[in-house]
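What follows is each chain in one-letter form.
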Amino acid sequence: MLQDRFHYSPLPGRVVFGAGSLAALPDEVARLGATRALVLCTPEQRPLADHVAQLLGERCAGVFAGAVMHVPIEVAREARALAASLGADCAVAVGGGSTIGLGKAIALESSLPIVAVPTTYAGSEMTPIYGLTEAGEKRTGRALRVLPRSVVYDPALTISLPARMSATSGLNAIAHCVEAMYAADTNPIATLMAEEGIRALANGLTGVIERPDELSARAACLYGAWLAGSVLGSCEVALHHKLCHTLGGMLNLPHAETHAVILPYAAQYNAAATPRVMARIAAVLDSRTAPQGLHRLARHLGVPQSLAQLGVRHEDLARVADQAMRAPYPNPTPLTQAGILDLLEQAYAGDEPHGAMQ
Ligand code: NAD
C-alpha cells in the first residue's frame, strides 16, 4: 500500500560500479577539473593508496596515511594542513568509513570535492553526515559539501576485507536499511532501496562467508552498501542507531559489532508498530518474522550475538537505559525506560528475540 504523504529530495552524486572500475579513477578526478588530488587512507591501507597515487600520476599531489576510527580532531587538522600546504584541489578517500570520514572533515572546512573509493560496506560515501571526535566527544552533523561528488565502487578492492569484518560491516549496512523503512521521514523510494539493500546484503554476505574470494558475492555486498548508505543519507535514524551510539559512547564498544548485536532486538521493539515494514523484511529474509530473520542471519554469519560477548557487564544495562531516555527522538514505538531495559536484557543474553518490549 502506498504511503499517503511523503517528501522526497534525492541527493546529488555519481557512481562508477564494477570489478576493475578503480581504473576509471583518474577520469573521475579529471571530471572535477582537479589536478592536485590528496589521497587519504589508513596506515594499513598505505600500499593500496600508493597504487592509487601511481594510477593518478601527475594528478596526485600526495598521500596522507593517517586516517583512524572516529576522526579525531587532531588528525583532521593535520590532514587539512597538508591539503592546504600541497594546494590540493580534491581529496581521494580510499578505504572504509574512517577514511571517508577524514575526507569529510577536510571538506567541511574547505569544501574540497571528494572522490570516494570505498573498501568496506559502511556506506559513508553516500551520506552528507560527518563526525569529528574532540576531547572524547563525537560530534556529528550534516552538510552537503561533505557528500562525495563521485564514488568508485570496485568489488575487487573488498576481497581483502576479512569475512568476519565483512559480516559486521554488512550487518551495520542492513541496520541502515531497516531503520530507513520505518523512519519518521521515510518515503516509497527509500523503502524500495532499503528493501533491495537488505536483499543484496543478506545474499552477498552469505556468499562472502562461504566463498570469501568470490567477486559476485562481494559485488552484491557493495551494491547493498551503496543502497544502505543512500537511505542513511536521506532518512532519519531511530532507536537502533541511537542506542548503539549510547552503548558505544558509554562502554567503548566496537562500532560494527554493537550494531550486529542490537539490530534484531531494535527491530523487535518496533515490530508491533510497523507490521507492514516487518512483513517486507521477513519476506526478503525468508523468515517467519523480521527480528527472527535478522537474528538467524547474524548467527549464520558467525558474528557476536550478545552484549555479554562484547564484554558488557550486566550491571551496566540500567545505566545505559537511563542514558538512552535522556534525549528523546521519533521512534515508531514510544520509548520507555522499562522497554529499553528489556531490549538490553534480551540483547545481553543474545537469544532469539521474543515478545513485546515496550
Ligand atoms: P574503518 O574505515 O574504520 O576500517 C576498519 C579497518 O579495516 C581499518 O584498519 C582499515 O584499514 C581496514 N580496511 C578497510 N577496508 C579494508 C579492506 N578492503 N581490506 C582489508 N582491510 C580493510 O571501518 P568502517 O566500518 O568502514 O567504518 C567505520 C566508521 O565509519 C565509524 O567511525 C562509523 O561511525 C563511520 N560511519 C560513518 C557513516 C557516515 O555516514 N558518516 C556511515 C557509516 C559509518
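For the structure itself, look to the data block above.
1. Topic: the site of the ligand
Lining the immediate surroundings of the ligand are 23 residues, of which T42, S98, T119, T120 and T127 lie closest. The side chain of S160 places a nitrogen or oxygen atom 2.8 Å from a nitrogen atom of the ligand. Within the complex, 83% of the 860 Å² of free accessible area of the ligand lies under protein. The residue makeup of the shell around the ligand, split by class, is seven nonpolar, 13 polar and three charged.

2. Focus on the sheet that holds strand β3 (residues 60–64)
The parallel open sheet is built from six strands, whose spatial order is β1-β8-β5-β4-β2-β3. If you trace the sheet from one side to the other, it starts and ends with β1 (15–17) and β3, each paired once. Neighbour to neighbour, the strand axes of the sheet diverge by 15 degrees on average, direction disregarded. When strand β2 (residues 37–40) meets β3, the two strands line up parallel, connected through four bridges. Within β3, the position partnered with V39 by the bridge is V63. Contacts between helix α3 (residues 73–86) and the sheet are confined to β2 and β3, with β3 contributing the most and set at about 165 degrees to the helix.

3. Details of the packing of helix α12 (residues 317–324) against helix α13 (residues 337–349)
Running from N to C, α12 and α13 point in directions that differ by 135 degrees, and their axes come no closer than 9 Å. Considering the angle they form, α12 stands oblique to α13. The chirality of how α12 crosses α13 is right-handed. When α12 is examined against α13, the residues L317, A318, V320, A321, D322 and A324 are found in contact with a partner set consisting of Q337, I340, L341, L344, E345 and Y348.

4. Notes on the environment of E28
Residue position: E28 is located in helix α1 (residues 25–31). Residues E28 and R218 lie 190 residues apart in sequence; the distance between their C-alpha atoms is 22 Å. Residues contacting E28, with those up to four places away along its chain left out, are R14, V16, V115, S150 and V152.

5. Focus: a nonpolar patch on the surface
Taken together, the side chains of L2, F6, Y8, I189 and L192 present a nonpolar region at the surface, about 510 Å² in accessible area. Its place among the elements puts I189 in helix α6 (residues 188–210). For I189, a relative accessible area of 33% translates into the label partly exposed.

6. Digging into the nonpolar core
L40, L102, L171, I174, V178, I198 and I281 are the most contacted members of the largest nonpolar core, which totals 72 residues. Ranked by residue count, the leading element in this core is helix α5 (residues 163–181), at nine residues. Beyond its immediate chain neighbours, meaning those up to four positions away, V178 contacts I198, L263, I281 and L294.

Conventions we followed
- Residues numbered from 1 in each chain as written.
- Predicted model: local features only at pLDDT ≥ 70, side-chain atom pairs only at ≥ 80, totals over all residues.
- Heavy atoms only, no water.
- Near = heavy atom within 4 Å.
- Polar contact = N/O pair within 3.5 Å; in protein donor to acceptor, adjacent residues only side chain to side chain.
- Areas by Shrake-Rupley, 256 points an atom, 1.4 Å probe, with all protein chains shown as cover.
- Nonpolar A, V, L, I, M, F, W, Y, C, P; charged D, E, K, R; others polar.
- Pairing = 2+ DSSP bridges.
- Helix = DSSP H or I, 4+ residues; strand = E, 2+ residues; numbered from the N terminus.
- Axes fitted to C-alpha atoms, helices over the stretch in contact; angles between N-to-C directions.
- Contact = heavy atoms within 4.5 Å.
- Parallel < 35°, antiparallel > 145°, perpendicular 65-115°, else oblique.
- Left-handed = near helix turned anticlockwise from the far one by under 90°.
- Patch = residues over 30% accessible without salt bridge, like charges linked within 9 Å, V, L, I, M, F, W, Y side chains within 5 Å.
- Salt bridge = Lys/Arg side-chain N within 4 Å of Asp/Glu carboxyl O.
- Buried < 20%, exposed > 50% of the residue type's maximum accessible area, 1.4 Å probe, protein only.
- Core = buried A, V, L, I, M, F, W, Y, C linked by side-chain atoms within 4.5 Å.

Interpretation note: all reported values are geometric properties and have no functional meaning in isolation.
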